[in-house]
Amino acid sequence: MARFILRRLLLMLVTMFLVSVAVFAITSAAPGNVARNVLGVQITPEQEASFLAQNGLDKPILVRYLYWLIGSDWQAGRLVGLPVRRITTPDGFKEWWAVDRDGALVQWRVEGENLIRRQRRPDGRVEEKPDNGRWRIKDPAAESARLAAYRAALADNTEIGEADRQAIGRAVDRILAILRTPGQDQAALLAALAGPEGELEALRDPKAAGRKQALQKAAAVVAGNDALLKALAVYRTLTGPDADRLQLSDQQFMAGQLSRAAAQLRERDAGSAARLQQAYESLKAGDLRATVVALEGVAPLLVKLTGNVGDLTAALQDGRYRPAADVLRALGDPGRTPFDAEQMATLPALLQALANALDDADPAVGRPLLQGVIALKAGRTAEARQAFRQAADVLADVGQALARSDAAGQARVGRVFWGVDTQNHAVRWETGTGKDVWVFIQGTGWKAFAGGPVEYVPLQRGLLRGDPGVSLRTGRPVADLLFIRLRNSLVLAAAAFVIVMPLALLLGLLAGLKEGKPLDRILSIGGMMFSVTPEFATGVFLIVIFAFWLKVVPGATVFGEKAPWNRPDMLVLPVMTLTLVELGYVLRITRASVVEVMRAPYIRTAFLKGLPYRRIVIRHVLRNALMAPITVIMLHVNWLLGGIVVVEAIFGYPGLGSYLLESALFKDFNAIEAGAMVLVVVAVTTQLLADLIYTLINPRIRYGGPN
Amino acid sequence: MTVNAPGISAAARPRWWRRIWSGLAVLFASKTAVVGLAIVLFWVVAALCAPLLTPYSPTAQDYQAQNSGPSAAHILGTDDLGRDIWARLLYGARIVLIMLPVGEHFWLPLGTAIWGVLLGLIVGCTLGLVAGYLGGWIDEVVMRVLDALMAFPVILLYMIIIAAVGASATNVVLAIAIVGTPGIARLVRGLTLDIRTRDYIRAAEIRGESKLYIMFVEILPNARGPIIIDAMLRVGYAIFAMGTLGFLGLGLPPPSPDWGSMVAAGRRYILAGSPWAALWPSLAIASLVVGLNLLADGLREESMRYQ
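Residues numbered from 1 in each chain as written. Chains lettered and ligands numbered in written order. Predicted model: local features only at pLDDT ≥ 70, side-chain atom pairs only at ≥ 80, totals over all residues.

Run through the overall build of chain A, naming residues and quoting values.
Across its full length, chain A holds 28 helices and 11 strands. Whereas a compact globule of 707 residues would reach a radius of gyration of roughly 27 Å, chain A reaches 34 Å, over 25% beyond that. Considering only C-alpha atoms, chain A reaches an extent of 115 × 75 × 45 Å along its principal axes. Counting across all 707 residues of chain A, residues that qualify as buried make up 41%. Within chain A, counting contacts between residues at least 6 apart in sequence, those at least 24 apart form 66% of the total. (Helix = DSSP H or I, 4+ residues; strand = E, 2+ residues; numbered from the N terminus. Rg over C-alpha atoms; globule rule 2.2 N^0.38 Å. Buried ≥ 20, exposed ≤ 12 C-beta atoms within 10 Å, placed from the backbone. Contact = placed C-beta atoms within 7 Å.)

Shown next as structure tokens:
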């Protein structure tokens, strides 16, 4: 017996392993992309890449599987050079910290190009202090190759002025000479580099990154608040290269934006508003082609009404200042922007919003723009144009200053540091790449960092050590939610089971004893009809009857923080749906088994011997006839799991099934894996139970003994 | 018997129409089967004659009448986008029963559910025959793999397949076929194990027929009865599965009139006061599946009685 159970458990482990590999392989091979599912289609490629990197999805599949299975902390510890440890904060959050040589818990963050060490004190407070001494010079050979290439390309950099270009060039030459001197250790290199790097530092604007970010944020705010700009963005997305990768939820979201734009245009231009409305309806119905056709008619008008501000915000968001300045210059040119009645109806308000946002972000750019808008509203068009041209020049200057700062930054020798960040990753930070790196912080949004994190190892302990990782969708540990959902599902399944089993066995027995009689016909055909009708159809019928017409029980489940048993009224319909579907199945099996037993010779003997009918049924039929149904029901668990997923979807029941479904739709890979593991355990355990119960009621079978 | 053995004259062999007639006689002997057949035929005819039965297109939207109940203009009412539900049901039946949309403008005859079962049958029969007839390690490997596939929760398999390869009619067919294959293979293997002991198989082996010939020409036709009844049940199950996939948002992409997706879209408006958009497609799926099961059940009962 023990050997048999052991063998089955072993088999379960093998199945779990195979399932995990299969799920891993299938979800990794899939074309759709979890970054887009989580963050929406309108993210830029850099943001997408950054999201993938932060979640370790850019790693080779084997490495990812290994991290998932046995954790990544050992590898992170090797890279950082210090052991890493997971702690649970008093508020219940799981955080990863590196353990310094003196036993202190430390994390790091990078601000600009300064490394800052955060030390956690026993009382939970965090002390921060600069820790730039930990930076290491990147591989000198690779860096000198990069700088040589950079030096060669410098001559073509027309974004910056001639004098600056020469100053940077001289510094780079000196740095190259230092790097190419052989036989220097880190300390010597750092000392030698201090001179030329100081010169470069003088050319840099320490606030450049902040300025750039402020402009970006302002542009994003303007683009995100104006319905017409959003409608244009929708058009660009739909005609762009990624149109066929749009998810249904994105389409619904974009449809909402079109609807808002239509509402805004309705009073001014009924024809265009109708077209936008039409585009909205088509998009909502999922007809992309009709949407694009409808939008094509309105797009030129939208561009005119917004004075091309959409291009300006897009350029600012990408950090391209020249095209942005060009849009402003066009506003100052009567040939390109007439400021006629049509434009005057919408444009001043939009420009006002833009000017306000830019004024908050960078007064040097915003102030002239603001003056222009005031003049425009007062009807002094010429003065307004003058101001717009001035704003364009300022913006171009700002762009140049930022470009110079960027260029000087890139000329520095890169530093590198492996540490633990505040978002539970081991991170390789690098400076001197000169590029801002976008980082998605769950709950905060996107942030650009100059001292860029370039490689991440998400910290996790691995499934084998009880940590299924972090949900990509919510950023919270999978285990937190999974167990609540599993509990809810078990409540649902248990309630249905307790009702189905006695009822189905009783009705099946009745039908079997009355084989061929009207009662049997009614029960078998009725049972068949309920068992083959899809759960969602049964659920809809029940909702319509009991929640819509009779209004006796709620037709949806909303528990909030509460457990299902606190709202039993909401459990009624889900349990009833499962009951109906399962009832017919179990009933039919029981009936067939009873019929078979009734034909057995020993039953005939019992009748001939003159035993009372009741005694025959209870003593002889029941025990023999129940064996088949009980095992079959247990083997049926796979099917029941499917039913539960659907029932949970119909009633919005927060169970494991709906969790898995949402995760599968988002490709939230850690959540799918964890849910699949739970499902396999449930399925195999019930099958094992079925076998054990079978041996208990059928003494003819003994496992593990000699045959 | 496909072999023209001496002693059996051509006239003594039943003609094909006579065989069909005897099949029909079995069918009409069972009331259950007749009721089932009537329901299934209703949907087949409705799907075939869809343009004659409704003046509306399944995607045309009536902005004036959204979420309306049954009326003279729309006999079953309209959905949340003002599309005629009756028209969508009819064209939805087409996708299920008589056409499989493959590309933008290209479709194959026979419905999505039927193709799913056919594909499963082809793969399942082959695996079952090979495993059952050849036996040995091949049998062991094939059966273990299929066992593993069967132990895998079906719904998870569906979700992963569709989530991985995306939702389209062809992928739904694939999903249905993959899930159906193990069951079919087990059935065919069981039948093969039984049939391979018969005398006519021994005779064919002694004649020196190839293994392929024996498997597909001798064994398969003699196992057809249970396979056909099983396949009929499986079509019912495939429609069930299609509906469920559509309902979970894993079915055919909009705006195609997929029954399951229609229920999913209409579900949100039941409690808001317009149950029609969810109710009718639910009824349609339920009736079609029940019809197929009645048909298969009746046939099975009658054929067992004949034996």
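Back to the text.
Kindly report on the nonpolar core, identifying the contributing residues and their values.
Residues and elements named next belong to chain B. Counting 169 residues, the largest nonpolar core has Tyr158 and Ile239 as the members making the most contacts within it. Ranked by the residues each element gives to this core, the list is headed by helix H13 (residues 276-306), at 16 residues. Other than its neighbours up to four places away in sequence, Tyr158 contacts Ala175, Val179, Leu245 and Leu250. (Core = buried A, V, L, I, M, F, W, Y, C linked by C-beta atoms within 7 Å.)

Help me get a handle on helix H22 (residues 568-598) of chain A, residues and values and all.
Along H22 of chain A, the helix axis deviates most sharply at Glu582 of chain A, where the bend reaches about 25°. For H22 of chain A, the buried fraction is high: 23 of the 31 residues fall into the buried class. (Bend = angle between axes of the 7 residues up to and from the residue.)

I'd like a rundown of the packing of helix H6 (residues 140-154) of chain A against helix H7 (residues 162-180) of chain A, residues and numbers included.
Residue and element names in this part refer to chain A. With their axes 10 Å apart at the nearest point, H6 and H7 run at an angle of 155° to one another. Here H6 is positioned roughly antiparallel relative to H7, judged by the angle of their axes. The handedness of the crossing between H6 and H7 comes out as left-handed. Residue-level contacts link Pro140, Glu143, Ser144, Leu147, Ala148, Tyr150, Arg151 and Leu154 of H6 to Arg165, Ile168, Gly169, Val172, Ile175, Leu176, Leu179 and Arg180 of H7. A class-by-class count of the residues in the contact of H6 with H7 yields 10 nonpolar, two polar and four charged. (Axes fitted to C-alpha atoms, helices over the stretch in contact; angles between N-to-C directions. Parallel < 35°, antiparallel > 145°, perpendicular 65-115°, else oblique. Left-handed = near helix turned anticlockwise from the far one by under 90°. Nonpolar A, V, L, I, M, F, W, Y, C, P; charged D, E, K, R; others polar.)

A description of the interface of chain A and chain B should follow, citing residues and the corresponding values.
Reports of interface size often rely on the accessible area that becomes lost once the parts have come together. Residue-level contacts link 45 residues of chain A with 40 residues of chain B. When its residues are assigned to classes, the side of chain A that touches chain B shows 33 nonpolar, eight polar and four charged.

Explain the packing of helix H5 (residues 112-134) of chain B against helix H8 (residues 169-195) of chain B to me, and be specific about the residues and the numbers.
Running from N to C, H5 of chain B and H8 of chain B cross one another at 35°; their axes reach a closest spacing of 5 Å. Viewed along their axes, H5 of chain B and H8 of chain B form a crossing whose handedness is right-handed.

So what's going on with the pairing of strand S3 (residues 105-111) of chain A? Residues and values would help.
Residues and elements named next belong to chain A. Most of S3 sits inside the fold, with six of its seven residues counted as buried. Where strand S2 (residues 94-99) lies against S3, two bridges are found, and the strand directions are antiparallel. Across the sheet, the residue bridging to Ala98 is Val106, located in S3. Linking S2 to S3, which pair antiparallel, is a turn of five residues; within it Gly103 sits at a positive phi near 90°. One ladder, built from seven bridges, connects S3 with strand S4 (residues 114-120); its direction is antiparallel. From the neighbouring strand, Arg109 faces S4, where its bridge partner is Ile116. (Pairing = 2+ DSSP bridges.)

Which residues make up the confidence of the model for chain B, and what are the values?
Residues and elements named next belong to chain B. Mean pLDDT for chain B: 83, with 93% of residues reaching 70 or above. Model confidence for chain B, summarised as mean pLDDT per element, is weakest for helix H7 (residues 154-165) at 74 and strongest for H5 at 92. The ipTM value of the predicted complex is 0.85, and its pTM value is 0.71. (pLDDT = per-residue confidence, 0-100.)

Tell me about the sheet that holds strand S11 (residues 452-458) of chain A, and please be specific about residues and values.
All names here are of chain A. Taking strand neighbours across the sheet as the criterion, the four strands line up as S6-S7-S8-S11 in an open arrangement whose pairing is antiparallel. Strands at the two margins of the open sheet, each flanked by one partner only, are strand S6 (136-137) and S11. Here strand S7 (residues 415-420) runs beside strand S8 (residues 425-430); their pairing, made up of five bridges, is antiparallel. When the bridges of S8 are listed, Phe417 appears paired with Trp429.

Tell me about the pairing of strand S5 (residues 126-130) of chain A, residues and numbers included.
Residue and element names in this part refer to chain A. By the criterion of burial, S5 is predominantly exposed, with just zero of the five residues buried. With five bridges connecting them, S4 and S5 associate as antiparallel partners. When the sheet's bridge partners are listed, Ile116 is paired in S5 with Pro130. Between S4 and the antiparallel strand that follows it, S5, lie five residues; Gly124 among them carries a positive phi value of about 95°.

Could you give me a rundown of the environment of Val632 of chain A, with the residues and numbers involved?
Residues and elements named next belong to chain A. Structurally, the position occupied by Val632 is in helix H25 (residues 627-635). What makes Val632 partly exposed here is the crowd of 17 C-beta atoms within 10 Å. Measuring from C-alpha to C-alpha, the distance between Val632 and Asn356 comes to 70 Å, with 276 residues separating the pair along the chain.

Report on the sheet that holds strand S1 (residues 84-88) of chain A, specifying residues and quantitative values.
Residue and element names in this part refer to chain A. Pairing is antiparallel in the open sheet, where five strands are placed in the order S1-S2-S3-S4-S5. Looking along the sheet, the strands with just one partner apiece sit at the ends: S1 and S5. In this sheet, neighbouring strand axes are inclined to one another by 45° on average, regardless of whether the strands run parallel or antiparallel.

Break down helix H20 (residues 518-532) of chain A for me, with residues and values.
Taking 1.5 Å of rise per residue, 15 residues should cover 21 Å, and H20 of chain A covers 21 Å from first to last C-alpha, within 8% of that figure. For H20 of chain A, every residue scored as buried is listed here: Leu523, Ser524, Gly527, Phe530, Ser531 and Val532 of chain A. (Expected span 1.5 Å × (residues − 1).)

Describe the confidence of the model for chain A, and please don't skip the residues or the numbers.
When pLDDT is averaged along chain A, the result is 82; 94% of the residues meet or exceed 70. Mean pLDDT across the secondary structure elements of chain A bottoms out at strand S10 (residues 445-449) of chain A, with 66, and peaks at helix H21 (residues 535-549) of chain A, with 91.

A description of the environment of Trp17 of chain B should follow, citing residues and the corresponding values.
Following the sequence through the fold, Trp17 of chain B ends up in helix H1 (residues 16-29). For Trp17 of chain B and Arg198 of chain B, which are 181 residues apart along the polypeptide, the C-alpha to C-alpha distance reads 28 Å.

Outline unusual backbone geometry, supporting the account with residue identities and numerical values.
Residues and elements named next belong to chain A. For Asn424, which is not glycine, the phi torsion reads 65° and is therefore positive. When you line up the elements, Asn424 lands in the loop between S7 and S8. The phi torsion at Lys551 lies on the positive side, around 55°, for a residue other than glycine. With respect to the helices and strands, the residue Lys551 is situated in the loop between H21 and H22. You can call Lys551 exposed: it has 10 C-beta atoms within 10 Å.

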